[in-house]
Structures are given as structure tokens and as C-alpha cells.
Amino acid sequence: RNDPLVILTISGLILTGGLGFVVWSDLLLKKFRFSRLNFHSKTVLQATVILLTVPTVMFTLSENNGALAGLTNGEKVLNALFLAVTPRTAGFSNIDLAGLSAAGKVLMTVLMMIGAAPGSTGGGLKITTAAVLFATVRTWMKGGTGANIPLGLGLMAIGALSLGSVATVGWD
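Along each chain, residue indices are assigned from 1 in the same order as the chain's sequence is written. The predicted origin of the model limits local features to residues at a pLDDT of at least 70 and limits the giving and counting of side-chain atom pairs to 80 or more, whereas totals for whole chains, interfaces and linings rest on all residues. Hydrogens are left out, water is left out, and the side-chain values use all remaining heavy atoms of the structure.

Chemist: If you had to explain helix H4 (residues 73-85) to someone new, which residues and values would you point to?
Modeler: Counted at 1.5 Å a residue, the expected span for H4 with its 13 residues is 18 Å, and the 18 Å between its end C-alpha atoms agrees. Taken together, the buried positions of H4 are occupied by Lys 76, Leu 78, Asn 79, Ala 80, Phe 82, Leu 83, Ala 84 and Val 85. Throughout, a residue-residue contact means that at least one pair of heavy atoms, one from each residue, lies within 4.5 Å. Helix and strand definitions here come from DSSP, where helices need a minimum of 4 consecutive H or I residues and strands a minimum of 2 consecutive E residues; each element is numbered from the N-terminal end. Tucked into the core, H4 has its buried residues touching helix H1 (4-19), helix H3 (39-62) and helix H5 (102-114). Expected helix span is taken as 1.5 Å per residue step, with the number of steps being one fewer than the number of residues. Categorising residues by exposure relies on relative accessible area from a 1.4 Å probe, with only protein chains included: less than 20% of the type maximum marks a residue as buried, more than 50% marks it as exposed, and the intermediate range marks it as partly exposed.

Take a look at the structure:
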């Protein structure tokens, strides 16, 4: 809980497995030059950064006086980072999850549903599906301008989210 070496090592390994073989192959073939990566790899990497930073900030803020209480500010951010990394693939925890606030539990559930990248060692709806959902909703909110997501692809992503939600929440 308080050892940065352990938390960062485990987080790094989880992220490595969660990116997927296609992304790693592309990164190695293109010598880690982001501008030369294919669209899939760029989407996965950008979404991974967003799915690390936004939940880390959200966990830090929502659990500041809750599950992360009693830790230094650095330990809070480190443990919040771990909370942002693990639900999408590994499911490890470094704090008592029963102590999470309602907002923290909802955030953790959303991260579990999103999961990892296609072709990775993790499950979930996949990062790319979440990116398509986000782009579709953003395009619809702008009145049809913005990302050029085909309607069929957006509807498939919405269908996957709907089925995943029913499977997660259940019929009751």
C-alpha cells in the first residue's frame, strides 16, 4: 500500500499486458514513434492515458477523506493510480474496497466494464469500444459534426454497452 516500487512495478506489468499484442507489435515495428503508429494503436494508447489520468484524479478526489484517508498526498495519488489501473484487467486491490465511496464504486465498475485493449490479456468491452462510444456520443451532441464514426459502428458499440450493462447489473 505504501511501497512505490511494488505499486509501480505491478501497475506497469498490468498496463503492458493490457495494451494488446497488436499495439506492442506496432510499437516495436515503428520504433515507438507515435506519429507512425496505425489508428488502432494510437486510439488504444490515447485512451489508456485518459483512462489512467482521469480515474486517478477522480479516485484521489472522491476517496481523499474515505478509503485513502490517513495517507500522505503522494501515497494517495500512488494508490489512486493503482485503483485506476487494476480494475480494467487484473482486479488487484491495495485498499479495502468496502471502504470506497459510492462514487469510487461506480468508477471502479465503469473501469471493469471498459476493460483492456483488443488482443490483450484483459477482458471487458475493450478500450476501442469505449473510444467509439465516446466519439459517437460527442458527435451526436454536436449535431452530427466531429468524428467520422460510421453509424453502424456507433450502434454496435451502443449495443455492446447495453448488453454488458445488463450482464453486469442483471435483470432485476
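Don't stop here, the text continues.
Chemist: Quick rundown of the packing of H3 against helix H6 (residues 127-141)? Include the residues and the values.
Modeler: With axes taken as lines fitted to C-alpha atoms, and helix axes fitted only over the stretch in contact, angles between N-to-C directions fall between 0 and 180 degrees. Put simply, H3 and H6 touch, their axes get as near as 9 Å, and they point 85 degrees apart. Taken together, the axis directions place H3 and H6 in an arrangement best described as roughly perpendicular. Residues His 40, Thr 43, Val 44, Ala 47, Thr 48 and Leu 51 of H3 touch H6, and the partners they reach there are Ile 127, Thr 128 and Ala 131. Reported orientations rely on four angle classes, namely roughly parallel under 35 degrees, roughly antiparallel over 145, roughly perpendicular from 65 to 115, and oblique for the rest.

Chemist: Describe the packing of aromatic side chains, listing the residues and the values that go with them.
Modeler: Within 6.5 Å between ring centres, the rings of Phe, Tyr and Trp (the latter by its six-membered ring) count as paired, and their orientation is classed by plane angle as stacked under 30 degrees, edge-to-face over 60, tilted in between. Inspection of the entire model under this criterion finds 1 aromatic pair. Consider the rings of Trp 24 and Phe 32, whose centres lie 6.4 Å apart with planes at 70 degrees: the pair is edge-to-face.

Chemist: Give a detailed account of the nonpolar core, specifying residues and quantitative values.
Modeler: Side-chain atoms within 4.5 Å are what join buried Ala, Val, Leu, Ile, Met, Phe, Trp, Tyr and Cys residues into a set we call a nonpolar core. Core analysis: the biggest nonpolar cluster contains 23 residues, and Phe 59 and Ile 127 have the highest contact counts within it. Looking at this core element by element, the count peaks at 5 residues for H3. When sequence neighbours within four positions are dropped, the list of residues in contact with Ile 127 reads Val 44, Ala 47, Thr 48, Leu 51, Arg 88, Ile 114, Gly 115, Ala 116 and Ala 117.

Chemist: Could you give me a rundown of the layout of surface pockets, with the residues and numbers involved?
Modeler: Cavities and pockets were defined on a 1 Å grid built over protein atoms only: a cavity is a set of grid points that admits a 1.4 Å probe from which the probe cannot escape, a pocket is an open set flanked by protein on both sides within 12 Å along at least five of seven lines, and lining residues are those with an atom within 4 Å of any such point. Grid points are joined across faces, edges and corners, and a volume is the space filled by probe spheres set on the points. Of the voids in this model, the largest pocket is the one considered here, and its volume is about 700 Å³. As for the largest pocket, its lining consists of 26 residues, and the residues nearest its centre are Ile 127, Ala 130, Ala 131, Val 132 and Phe 134. For the lining of the largest pocket, the secondary structure elements donating two or more residues are H3, H5, H6 and helix H7 (151-169). Looking at the lining of the largest pocket element by element, the count peaks at 10 residues for H6. When residues are grouped by polarity, Ala, Val, Leu, Ile, Met, Phe, Trp, Tyr, Cys and Pro land in nonpolar, Asp, Glu, Lys and Arg in charged, and all others, Gly among them, in polar. Within the lining of the largest pocket, the residues separate by chemical class into 20 nonpolar, 4 polar and 2 charged.

Chemist: Run through the side chain of Glu 63, naming residues and quoting values.
Modeler: One can find Glu 63 in the loop between H3 and H4. Here Glu 63 sits buried without a salt bridge, and the closest side chain of opposite charge, Lys 105, lies 8.6 Å off (N-O distance). Excluding residues within four positions of it along the chain, Glu 63 makes contact with Leu 68, Ala 69, Gly 99, Leu 100, Ser 101 and Gly 104. When charges are counted, neither His nor the chain ends are considered; positive counts come from Lys and Arg and negative counts from Asp and Glu. The term salt bridge refers to a pairing of a side-chain nitrogen on Lys or Arg with a carboxyl oxygen on Asp or Glu at a separation within 4 Å.

Chemist: Can you tell me about the packing of helix H2 (residues 21-29) against H3, naming the residues and giving the values?
Modeler: Contact pair H2 / H3: the axes reach a minimum separation of 9 Å and the direction vectors enclose 110 degrees. Between H2 and H3, the angle is such that the two are roughly perpendicular. Here H2 contributes Val 22, Val 23, Asp 26 and Leu 27 to the contact with H3, which in turn contributes His 40, Ser 41, Val 44 and Leu 45. Grouping the constituent residues of the contact of H2 with H3 by class yields 5 nonpolar, 2 polar and 1 charged.

Chemist: I'd like to hear about empty space enclosed by the protein, residue by residue, with values.
Modeler: Applying the stated criterion across every chain yields a total of 1 cavity of 30 Å³ or more. A volume near 30 Å³ is recorded for the largest cavity. Taken together, Ile 14, Leu 15, Gly 18, Val 85, Arg 88 and Thr 89 make up the lining of the largest cavity. Of the residues contributing to the lining of the largest cavity, the split by class is 3 nonpolar, 2 polar and 1 charged.

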